[in-house]
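Structural features, examined
Below, each chain spelled out in residue letters.
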Amino acid sequence: MLGGKRTSSRHVAVVLLMCLFWYVISSSNNVIGKMVLNEFPFPMTVTLIQLCSITLYSGPFFNLWRIRKYQDIPRSYYMRLIVPLAIGKLLASVTSHISLWKVPVSYAHTVKATMPLFTVVLTRLFFGEKQPTLVYLSLLPIITGVAIATVTEISFDMLGLISALISTMGFSLQNIFSKKVLKDTGIHHLRLLHLLGKLSLFIFLPLWLYVDSLAVFRHSAIKNLDYRVIALLFTDGVLNWMQNIIAFSVLSLVTPLTYAVASASKRIFVIAVSLLILGNPVTWVNCLGMTLAIIGVLCYNRAKQISKARELPTHTQSNHIKYTPLNDNYYRSPINGNVMANGLHKMQTTKAPTTMQMPMTMPASGNSLLANGSGMPSGSTTRLLFV
């Protein structure tokens, strides 16, 4: 019992520590990403660098950490779940950077507070899962808060809003299906991250070459080798890789509900840090909208928790157990078909000796309970003594 409590306390401590690292790294990643995009307005290229970071760094580091390699995944399952998951990750990453480029970090993350709304809609669409009325009601503060923040946003941009919504939908899909893939395949969560990063890069590279490559090489920061911009791009890639590792690790350690709570708390942290460091102008009504949206997320998580508690059985089982006598067919050996009931009958009718002795010799044929690996003995000389 004591060991179980220690294990539980250690697990909670690990999750809290990882969440703290997640918040700090995510905030730094968002602030640096905004600084990069202000000077180097190529969100697709920033996405490409991040995917390259996941692909290049993950393999050697995961081997160094001796993380188990994944088994071969069936082709049908790969095409049905892994490929759409990689496309969703790619779409979420690109649109996230577009929103970060067009609108302030604080507003982008306020819009991303609509993730519970997308989760409810997508789980209903893909799995036919209906939610209780309390869960639907908890979505109202989220929608209201995001609407207030949108109307009062000084630096509002329609493309930034649409991109943030698409990004939120993509990350919601990733959260839903990543947990399913981890459960179905038994793949290590970090190997899944590496696999999705490689596949996303493979899919995205031709599109980047067609859309962004020429404009990037003509940009002054690349032509003149602006080391500040290059250093920011490199740092952004490393931080994003670390953020993905921690996010996937937290997702594998906790339930989806706990992950949603941790993600909402992270969003508060990111918004506060971005307002403090970047100093983008906000009004008190705008802050009210942000606060209402975040409170709505917390209300949604609480409503989910209450709904799950109501689904648990409330009746208690009786402590009195009714025993039913076994019939003679139960004692028929599945190996040689001999009926053991006769032997048991003899044991019951024979007077038990004062001292019972357990025969220690093994049969010559080697038949024993351990030797044949079955649940029943196969040799006629073996005795079962019930004391």
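Data block above holds the structure.
Structural notes, computed from the coordinates. (Residues numbered from 1 in each chain as written. Predicted model: local features only at pLDDT ≥ 70, side-chain atom pairs only at ≥ 80, totals over all residues. Heavy atoms only, no water.)

A closer look at the overall build of the protein
A count of helices and strands for the protein gives 14 helices and 0 strands. Mapped from its N terminus to its C terminus, the protein presents α and β elements in the order α-α-α-α-α-α-α-α-α-α-α-α-α-α. In the protein, of all internal contacts separated by at least 6 residues, the share reaching a separation of at least 24 is 86%. Counting every atom, the protein has about 22,600 Å² of accessible surface; 65% of that belongs to carbon and sulfur. (Helix = DSSP H or I, 4+ residues; strand = E, 2+ residues; numbered from the N terminus. Contact = heavy atoms within 4.5 Å. Areas by Shrake-Rupley, 256 points an atom, 1.4 Å probe, with all protein chains shown as cover.)

Observations regarding the environment of Pro 104
Inspection of the secondary structure assignment puts Pro 104 in the loop between helix 3 (75-102) and helix 4 (105-111). Judged by relative accessible area, Pro 104 falls into the buried class, the value being 7%. Taking C-alpha positions, Pro 104 is 7.1 Å from Ser 155, a pair spaced 51 residues apart along the chain. Pro 104 has contacts with Lys 34, Glu 153, Ser 155 and Asn 280, leaving out every residue within four places of it along the chain. (Buried < 20%, exposed > 50% of the residue type's maximum accessible area, 1.4 Å probe, protein only.)

A closer look at unusual backbone geometry
Look at Arg 66: it is not a glycine, yet its phi comes out positive at around 60°. Exposure remark for Arg 66: the relative accessible area of 78% places this residue in the exposed category. For Leu 225, which is not a glycine, the phi torsion comes out positive at approximately 50°. Its location among the elements puts Leu 225 in the loop between helix 10 (220-223) and helix 11 (227-253). Leu 225 sits in the partly exposed class, given a relative accessible area of 48%.

So, the packing of aromatic side chains
This structure, assessed with the given rule, holds 10 aromatic pairs. Between the aromatic rings of Tyr 57 and Trp 241, the centroid separation amounts to 5.5 Å while the plane-to-plane angle is 75°, which identifies the pairing as edge-to-face. Taken together, the residues span a long stretch of sequence, with Tyr 57 in helix 2 (residues 43-64) and Trp 241 in helix 11 at a distance of 184 residues. Ring centres of Phe 61 and Trp 65 lie 5.7 Å apart, and the angle between their planes is 55°; on these two criteria the pair is classed as tilted. By relative accessible area, Trp 65 is classed as partly exposed at 45%. Site record: aromatic cluster; members linked through ring pairs are Tyr 57, Phe 61, Phe 62, Trp 65 and Trp 241. In this structure, Lys 102 packs its charged tip against the face of Trp 101, placed 4.2 Å from the ring centre. (Phe/Tyr/Trp six-rings, centres within 6.5 Å; stacked < 30°, edge-to-face > 60°. Lys NZ or Arg CZ within 6 Å of the ring centre and 35° of its normal.)

Structural notes on the packing of helix 3 against helix 8 (residues 189-211)
Interhelical geometry of helix 3 versus helix 8 gives an angle of 75° and a closest axis separation of 9 Å. Classed by the angle they form, the pair helix 3 and helix 8 counts as roughly perpendicular. Within the contact between the two elements, helix 3 uses Tyr 78, Ile 82, Val 83, Leu 85, Ala 86, Ile 87, Lys 89, Leu 90 and Val 94 and helix 8 uses Leu 192, Leu 193, Leu 195, Leu 196, Leu 199, Ser 200, Ile 203 and Phe 204. Of the residues contributing to the contact of helix 3 with helix 8, the split by class is 15 nonpolar, 1 polar and 1 charged. (Axes fitted to C-alpha atoms, helices over the stretch in contact; angles between N-to-C directions. Parallel < 35°, antiparallel > 145°, perpendicular 65-115°, else oblique. Nonpolar A, V, L, I, M, F, W, Y, C, P; charged D, E, K, R; others polar.)

Some remarks on the nonpolar core
Core analysis: the biggest nonpolar cluster contains 28 residues, and Trp 22, Val 36, Phe 40, Val 250 and Tyr 259 have the highest contact counts within it. Within the residue set of this core, elements represented by two or more residues are helix 1 (2-39), helix 11 and helix 12 (256-277). Among the elements that line this core, the one with the most residues is helix 1, at 9 residues. Residues contacting Val 250, with those up to four places away along its chain left out, are Met 18, Cys 19, Trp 22 and Tyr 259. Residues Ile 54, Leu 195, Leu 196 and Trp 241 belong to the second largest nonpolar core, which totals 26 residues. (Core = buried A, V, L, I, M, F, W, Y, C linked by side-chain atoms within 4.5 Å.)

In short, the description is geometric, and any link to function would need to be established separately.
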